[in-house]
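Read off the chains here:
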Amino acid sequence: EENAEFDYEVIAQEGTTPFFEGVSTQTFGYNGDLLGPTLRLKEGETVRVKVRNELNEPTTFHWHGLEVPGSADGGPSDEIQPGESKVVTLKADQPAATLWYHPHPHELTAKQVFKGLAGMLYVEEADASELPDEYGVDDIPLIFQDRLFNDKRQLDYEELMNNDGTVGDVSLVNGTLNPKLTVEKPQMRFRVLNGANARNYTLRLSNGAKFKQIASDGGMLDEPVEMEEITLSASERAEILVDFSGMDGDEPVSIVDGDGTVLLPFDLAFDPESAEAEPSSWESGEPFVTEEEKAMPVSKKIELFGMMEMVTINGKKFDPDRIDLRQEKGVPEVWEVYNKPDMMGGMIHPFHIHGTQFKIISRDGKEPAPNERGLKDSVLVEPGERVKLLVTFPEEGVYMYHCHILEHEDNGMMGQVEVY
Ligand code: C2O
Ligand code: CU
Ligand code: CU
């Protein structure tokens, strides 16, 4: 397939990045030194992507959130050896959404993402919408990642790694340390990805202004939800609208972290006090989870447990030769995900399933928050919590499900579901 025609080429390669002035460190990137290009597919579109590995180690190309057949999903069994390439066909047969892509090689995922391999993957509305949609102008991807540098300011993963998730002391936005964003339009759409190996981000605006969340991992919410802050665990996405009109033009505004750390300062290219933004709103009119769906019995139980190297799902570690679950294509089932506490209390595990966009039915028997009334592929599960998901796989194949703390995943907190 080496010479088959393709629409995009994505090459995993080594590079160097000067995060600090005058000091470069080795990084990995797709088609460049760090991160990768935003791949933009239209709803319903089919593209052929040539993926090539120019690293000195195996990698895979996983399309996180895209409902592709297992054979195109790029899980750990789909390794591409150094110097090799492959053409995969991706069909965007699902609602418009902000997805992403990253490597998934067995026991190397955390390192390769930490070194810089990740990129945005959009499924875009086929028709013009009322939402801001000018890429890079009023529709901007924001990838939040934390990083730890050693005392030589190098991203030395082997030296810095932590088995519970390598957590940094600085944050990057779109791969930039100390970023700044010039805002051109009063109403902005930000497509936010928590691309960290492990940590949660709780994001808010420094001036306390509210924003609207319009989409979750897999597409639009039922209706826009007004929020003051949003928490995203590793791999979760949210699309938010920020209306800068009416803000105090003298007060600097930035996106800050839960503890007030400035993550992304804005530079407004207009006077917000005289600016006007068009409001956008919608309502689906249908219940997101129906009464029948709520009444469905649990048919799959997932128990997340442990920390460090001692992480398991249903008491087991990942075995590439073992199929843990089976589910029929197109048939919805209720998965109950339980995060079993340990003697220390336990820790949060962001649970992710490949090849599906699911619905959250309940959290400990209660309705999920309004901003979880949208399709999801990753869900934050607190220690002791039981989350019910309605899971349907539209395609066939073998798919991973795992904790998206990448070091937990590499330590075996992963299973396989075969969809037939
Ligand atoms: Cu982001 Cu197994 O995936
Ligand atoms: Cu995934
Ligand atoms: Cu975990």
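Residues numbered from 1 in each chain as written. Chains lettered and ligands numbered in written order. Predicted model: local features only at pLDDT ≥ 70, side-chain atom pairs only at ≥ 80, totals over all residues.

Novice: Would you take a moment to explain the domain arrangement of the protein chain for this structure?
Specialist: Many authors give the size of an interface as the accessible area that is lost as the parts come together. When the domains of the protein chain are assigned, the result is domain 1 (8–124), domain 2 (139–274) and domain 3 (291–419). For domain 1 and domain 2, the distance between their C-alpha centroids amounts to 22 Å. Of the residues lining the interface, 23 residues belong to domain 1; the matching set on domain 2 comes to 21 residues. Here the side of domain 1 that touches domain 2 gets four residues from one element, more than from any other, and that element is helix H1 (residues 109–114). Residues belonging to the side of domain 1 that touches domain 2 are distributed by class as follows: 14 nonpolar, seven polar and two charged. (Domains from an automatic or database assignment. Contact = placed C-beta atoms within 7 Å. Helix = DSSP H or I, 4+ residues; strand = E, 2+ residues; numbered from the N terminus. Nonpolar A, V, L, I, M, F, W, Y, C, P; charged D, E, K, R; others polar.)

Novice: Even after reading the chapter, I still don't get unusual backbone geometry, so can you show me in this structure?
Specialist: Glycine aside, the phi torsion of most residues is negative, and most peptide linkages are trans. Notably, Asn31 is not glycine yet its phi reads approximately 60°, a positive angle. The residue Asn31 is located in the loop between strand S2 (23–30) and strand S3 (39–42) in this model. You will see that Met308, though not glycine, has its phi angle at about 50°, which is positive. With respect to the helices and strands, Met308 occurs in the loop between strand S21 (298–305) and strand S22 (312–313). Looking at Met308, the number of C-beta atoms within 10 Å reads 13, which means it is partly exposed. (Buried ≥ 20, exposed ≤ 12 C-beta atoms within 10 Å, placed from the backbone.)

Novice: Looking at this structure, how should I read the pairing of strand S27 (residues 378–381)?
Specialist: Side-chain direction in a regular strand flips from residue to residue, so the side chains alternate between the two faces of the sheet. Burial along S27 is two-sided: Ser378 and Leu380 and Val379 and Val381, pointing in opposite directions, are all buried. In the sheet, strand S25 (residues 349–353) pairs with S27 via four bridges, with the strands oriented antiparallel. In the strand pairing of S27, Phe351 is matched with Val379. (Pairing = 2+ DSSP bridges.)

Novice: Just to check I follow, could you spell out the pairing of strand S14 (residues 201–205) for this structure?
Specialist: Across four bridges, the pairing between S14 and strand S17 (residues 229–232) is antiparallel. For Arg204, the partnering residue across the bridge sits in S17 and is Glu229. Sheet analysis places S14 next to strand S19 (residues 254–256), joined by two bridges and oriented antiparallel. Residue pairing across strands places Leu205 opposite Ile255, the latter belonging to S19.

Novice: How should the sheet that holds S19 be read in this particular structure?
Specialist: Working definition: the strands of a sheet are paired by backbone hydrogen bonds and lie parallel or antiparallel to each other. An order of S12-S20-S19-S14-S17 is seen for the five strands of this open sheet, with the pairing classed as mixed. The sheet is open, and its two borders are formed by strand S12 (181–183) and S17, each paired with just one other strand. Each neighbouring strand pair of the sheet contributes to a mean axis angle of 25°, computed without reference to strand direction. (Axes fitted to C-alpha atoms, helices over the stretch in contact; angles between N-to-C directions.)

Novice: How do you make sense of the UniProt feature "domain: Plastocyanin-like" (unreviewed entry) in the protein chain when you look at a structure like this?
Specialist: With numbering matched to this structure, UniProt assigns "domain: Plastocyanin-like" (unreviewed entry) to residues 15–126 and 297–419. Secondary structure across residues 15–126 comprises 5% helix and 43% strand; the distance between its end C-alpha atoms is 35 Å. The straight-line gap between the two end C-alpha atoms of residues 297–419 is 19 Å; of that span, 4% is helix and 44% is strand. (UniProt positions renumbered as here; feature names shortened; annotations may be inferred.)

Novice: I tried to follow the sheet that holds strand S8 (residues 119–124) on my own but got confused; where do I start?
Specialist: Read across the sheet, four strands follow the order S3-S8-S7-S5 without closing on themselves; strand pairing throughout is mixed. Both edges of this open sheet fall to S3 and strand S5 (62–64), since each of them pairs with a single strand only. Each strand of the sheet is rotated relative to its neighbour by a mean of 25°, with strand direction disregarded.

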